[in-house]
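Structure at a glance
Here is what each chain is made of, one letter per residue.
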Amino acid sequence: MKEIEIVTPVTSKSYPELTEIERHLVDAARQAVKGSYAPYSRFHVGAAILLDNGVTVTGANQENAAYPSGTCAERSACYYAGANYPDAKFEMIAIAALDADMKEPATPTAPCGACRQALLEYETRAGHNVAVLLAGADEIYRLPSIKSLLPLAFTSF
Ligand code: THU
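Keep in mind that this is a model prediction, so the values were computed, not measured.

All right, on to helix α3 (residues 113-126) then. The end-to-end C-alpha separation of α3 is 20 Å, in line with the 20 Å expected for 14 residues at 1.5 Å each. Of the residues making up α3, those classed as buried are C115, A118, L119, L120, Y122, E123 and A126. Those residues of α3 that are buried lie in contact with α2 (73-84) and β4 (90-98).

Two faces belong to every sheet, and in a regular strand the side chains alternate between them. Note: strand β1 (residues 11-13) against strand β6 (residues 140-143), three bridges, orientation antiparallel. By the bridge assignment for β6, K13 is matched with I140. Count of turn residues in the strand β5 (residues 131-135)/β6 antiparallel hairpin: four residues.

Turning our attention to the nonpolar core. Among the nonpolar cores identified, the biggest contains 26 residues, and I49, L51, C78, F90, I93, V132 and I146 are the most heavily contacted of them. When residues in this core are grouped by element, the largest group, five residues, is from α3. Contacts of I146, omitting those with residues within four sequence positions, involve I93, R116, L119, L120, E123, V130 and V132.

Taken together, the six strands give an open sheet; going across it, the order is β1-β6-β5-β4-β2-β3, and neighbouring strands pair in mixed fashion. At either margin of the open sheet sits one strand with a lone partner, and together these are β1 and β3 (56-60). On average, each strand axis in the sheet is inclined to that of its neighbour by 20°, with strand direction left out of account. Sheet topology note: the strand β2 (residues 44-51)/β4 ladder contains eight bridges and is antiparallel. Paired with G46 across the two strands is A96, which belongs to β4.

Here the focus is the side chain of E74. The topology assignment puts E74 in helix α2. Nearest to the buried, unbridged E74 among oppositely charged side chains is R75, at 6.5 Å. Setting aside chain neighbours within four positions, we find E74 in contact with V45, A47, I95, P111, C115 and L119.

Let's shift gears to the side chain of N61. Topologically, N61 is positioned in the loop between β3 and α2. N61 has contacts with G35, S36, Y37, A38, F43, H44, V45, T71, C72 and A73, leaving out every residue within four places of it along the chain.

Residues in close proximity to the ligand include S41, F43, V45, N61, E63, C72, A73, E74, A110, P111 and C112, which together make up its full environment. N61 places a side-chain nitrogen or oxygen 2.9 Å from an oxygen atom of the ligand. The contact in question runs from an oxygen atom of the ligand to an N or O atom on the backbone of A73, over 2.9 Å. Bound to the protein, the ligand loses 75% of the 380 Å² it would expose on its own.

It is worth spelling out the pattern of salt bridges at this point. Going through the model one piece at a time under the given rule, you end up with three salt bridges. The residue K13 makes a salt bridge to E22 at a minimum N-O spacing of 3.1 Å. Each of the two residues, K13 as well as E22, counts as buried. Notably, a salt bridge pairs R30 with E104, separated by 3.0 Å at the nearest N-O pair. Of this pair, R30 sits in helix α1 (residues 20-32) while E104 is found in the loop between β4 and α3, placing the two residues 74 residues apart along the sequence. In this structure, a network of salt bridges that share partners links the residues K13, E22 and R142.

Conventions used here
- Going along each chain's sequence as written, the residues are numbered from 1 onward.
- Since the coordinates come from a predicted model, pLDDT governs what is reported: local features require at least 70, and pairs of side-chain atoms require 80 or more to be given and counted, while whole-chain, interface and lining totals use all residues.
- Think of the side-chain values as coming from all heavy atoms in the structure, minus any hydrogens and water.
- Each helix corresponds to a stretch of at least 4 residues labelled H or I by DSSP, and each strand to a stretch of at least 2 residues labelled E; elements are numbered beginning at the N terminus.
- Take the residue count of a helix, subtract one, and multiply by 1.5 Å to get its expected span.
- Throughout, exposure labels follow a simple rule: accessible area from a 1.4 Å probe, protein chains only, divided by the maximum for the residue type, with under 20% read as buried, over 50% as exposed, and the rest as partly exposed.
- In what follows, a contact means two residues having at least one pair of non-hydrogen atoms within 4.5 Å.
- What makes two strands pair is DSSP finding at least two bridges between them.
- Take the buried Ala, Val, Leu, Ile, Met, Phe, Trp, Tyr and Cys residues and link them wherever side-chain atoms come within 4.5 Å; each set so joined is a nonpolar core.
- Every axis in this analysis is a line fitted to C-alpha atoms, fitted for helices over the stretch in contact. Angles between the N-to-C directions lie between 0 and 180 degrees.
- Only four residue types enter the tally: Lys and Arg on the positive side, Asp and Glu on the negative side; His and the chain ends are excluded.
- Counted as salt bridges are all cases of a side-chain nitrogen of Lys or Arg within 4 Å of a carboxyl oxygen of Asp or Glu.
- Working definition: residue near molecule or strand if any one of its non-hydrogen atoms lies within 4 Å of it.
- Throughout this description, a polar contact denotes any pair of N or O atoms lying within 3.5 Å of each other; where both atoms belong to protein, one of them has to be capable of donating a hydrogen while the other can accept it, and for residues adjacent in sequence the pair is counted only when both atoms sit in side chains.
- Here the open area of atoms and residues is found with the Shrake-Rupley method and a 1.4 Å probe, where only the protein chains shown may cover a residue.

Given below as structure tokens:
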């Protein structure tokens, strides 16, 4: 028997400690939250994806009275990017949120499991790591890749 330890490297930064590009993407994710339609959960999420063609694509969670028909911010952004820029590679993604009081949670908002799996496919297609920024009011987490968010991920190839 052997034990395997899986480590997730996370850097915690304050907003001023971000690079200019990181700040741009966090700003875009925070702006994207305004497009959230979340009358049921009242949890508003925005995502911004920087593509290698220089375009920043954004998305926000879209809920529905038939609850499972709604979609998360991350998947609305990544599917939009995939549909409209099929040849562009993802470089970086930022995620931000506002709670029911329209306040940014102190701790960073992380993608749900389904979004991690969906995003991983775009990292695989890019052929390189896609950096992840998880914005919170007090600190912003930076992870080097989508796969670091989803250890032991399912993959069919
Ligand atoms: N949500 C996202 O947009 N992204 C996630 O990764 C987690 C959850 C949304 C779905 C739902 O509209 C609301 O947040 C509450 O779960």
